[in-house]
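Read off the chains here:
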Amino acid sequence: MNFSHIHDPELALLTPDDDVANPEVTILVPSLNEELTIGTFVDWCREGIAASGAAVEILIVDSSSDRTPEIARDRGARVLRTPKRGLGRAYIDAIPFVRGKFIIMGDADCTYDFRQIAPFIEAFRKGYDFVMGSRFKGSIEENAMPPLHRYFGTPLTTWILNRMFSSRFSDIHCGMRGISVDALLRMDLRSQGWEYASEMVLKSVHMELPTTEVPIHFLKDPEGRLSHMKRRGWMEPWRAGWRNLQAMFVYGFDFFLIWPGFLLLALGLIVMLPLLAGPMSIAGVRFSSNAMLFAMALAVLGQSMLVSAAIGRVIFDYSGHVQHRFERRLPYNATIWGSVIAVLAGVLLAVPLFDSYVGNGYVLPEIGVETNWAVFGLWLIITAFQIFISGLMIRALGVMLPVKKPTPPLAG
């Protein structure tokens, strides 16, 4: 047995006697106490490899306390021994040991049919960087998926993600998926647990990776095996679903900012601009300076949301195109001078109110059109400050964040 230690003393690699040389693809699968299924799983992988005709290695990331690693290695798989630190961490630990250009992920419990890996490899060779398996486009064996997951949880969270990101996934929780090593490294995934899978899907959308789906067969647990979800109790699916939603909200927070921000800004301006001419009545309802102040608050809140969304878009931009687009729309010199002009205009609009204040013995006069002008002037000053600072922050992010490698277009 070839037993090699690396820089992390907690990780150790076991290699089989008939190790694969120069693999094109790595089947990368974590396992935890799967001695009941691991032998069959590796056999399925080898059957799928033979059918694909590709050079493929099998890398099992194992944290078991049973005979899982020995069985996997004896059947021809590489085994990376790791501490029990979570699903996401298992994948992160394995990245330095992956030798293929592409990775196919899944579970070692024989619920995903790894005898059917050829469609993934064909998709990689067509130029796709991210290949999602879809149980709904393939087949789901009877009793393989609880009704709550099949008819409610997975469809609902998939629908939410597609609405938030304008994507077209049919099964975002499918554990069998493929990704190029280059894309995986650029993702810089951080999640340590179940939410790792959602982070991968969300970042694939942010990166605009060439993506496709392939139908897969989903099978029920082999006789005698209890899934990890069931081992953790009936609440675990709900906890996993909530963690997935948390990941969606974190990586898609701009969804909650852009359209509400536009709506609030537009509503604020619709009310403020007519009031520059003075108080007005509509259908017997009088609008004056109180309405002007309320409208200014709406506009400031709306544009603050838009500025935050713009900065978030830059942070989650893996192509560099978003930042360049903002920099073109906010040229440095033009932004500075535009902000200065807006501040001066805001100050000038406040002069009549200040003049009345001084002329009235330093007591504010009755509310009139001068107050509305001053409120609008204050909005101009706040807007100038926000645009100027956001332009600087976007440029600062370009300096501070790692250089981003553009996603190449899909071949053909």
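Just so you know, these numbers come straight off a predicted model, no measurement behind them.

Caption draft 1: Inspection of empty space enclosed by the protein at higher detail. Under the counting rule described, the total for this entry stands at one cavity of 30 Å³ or more. Considering only enclosed or pocket space, the largest cavity measures out at about 40 Å³ in volume. Around the largest cavity, the lining residues are Tyr332, Thr335, Ile336, Phe388, Gly391, Leu392 and Arg395. Those elements giving two or more residues to the lining of the largest cavity turn out to be helix 13 (332-359) and helix 14 (369-400). Residue composition of the lining of the largest cavity, by class: four nonpolar, two polar and one charged.

Caption draft 2: Focus on helix 3 (residues 87-94). Regarding helix 3, the residues found buried are Gly88, Ala90, Tyr91, Asp93 and Ala94. The elements touched by buried residues of helix 3 are strand 3 (25-31), strand 4 (56-62), strand 5 (78-81), strand 6 (102-105) and helix 7 (196-206).

Caption draft 3: Spatial organisation of the packing of aromatic side chains. On inspection of all chains with the given rule, the structure shows 10 aromatic pairs. Plain terms: the ring middles of Phe102 and Phe124 are 4.5 Å apart, the flat faces sit at 15° to each other, and that makes the pair stacked. You can see Phe102 sitting in strand 6 and its partner Phe124 sitting in helix 4 (residues 118-125), a full 22 residues away along the chain. The same class applies to Phe102 as to Phe124, namely buried. Relative to Phe256, the ring of Phe249 has its centre 5.4 Å away and its plane inclined at 80°; by these criteria the two rings are edge-to-face. Take Phe256: its relative accessible area is 42%, and that puts it in the partly exposed class. The positively charged end of Arg115 is found above the aromatic ring belonging to Trp44, 3.9 Å away from the centroid. Taking the ring centre of Phe218 as reference, the NZ or CZ of Arg135 above it sits at 5.1 Å.

Caption draft 4: Here's a closer look at the pairing of strand 6. Here strand 6 shows a buried face lined by Phe102 and Ile104 and a second buried face lined by Ile103 and Met105. Pairing analysis gives four bridges linking strand 3 to strand 6, with the strands arranged parallel. In the strand pairing of strand 6, Leu28 is matched with Met105.

Conventions we followed
- Residues numbered from 1 in each chain as written.
- Predicted model: local features only at pLDDT ≥ 70, side-chain atom pairs only at ≥ 80, totals over all residues.
- Heavy atoms only, no water.
- 1 Å grid on protein atoms, 1.4 Å probe; cavity = no way out; pocket = protein on both sides within 12 Å on 5 of 7 lines; lining within 4 Å.
- Points joined across faces, edges and corners; volume = space filled by probe spheres on them.
- Helix = DSSP H or I, 4+ residues; strand = E, 2+ residues; numbered from the N terminus.
- Nonpolar A, V, L, I, M, F, W, Y, C, P; charged D, E, K, R; others polar.
- Buried < 20%, exposed > 50% of the residue type's maximum accessible area, 1.4 Å probe, protein only.
- Contact = heavy atoms within 4.5 Å.
- Phe/Tyr/Trp six-rings, centres within 6.5 Å; stacked < 30°, edge-to-face > 60°.
- Lys NZ or Arg CZ within 6 Å of the ring centre and 35° of its normal.
- Pairing = 2+ DSSP bridges.

In short, shape yes, function no, at least from these values alone.
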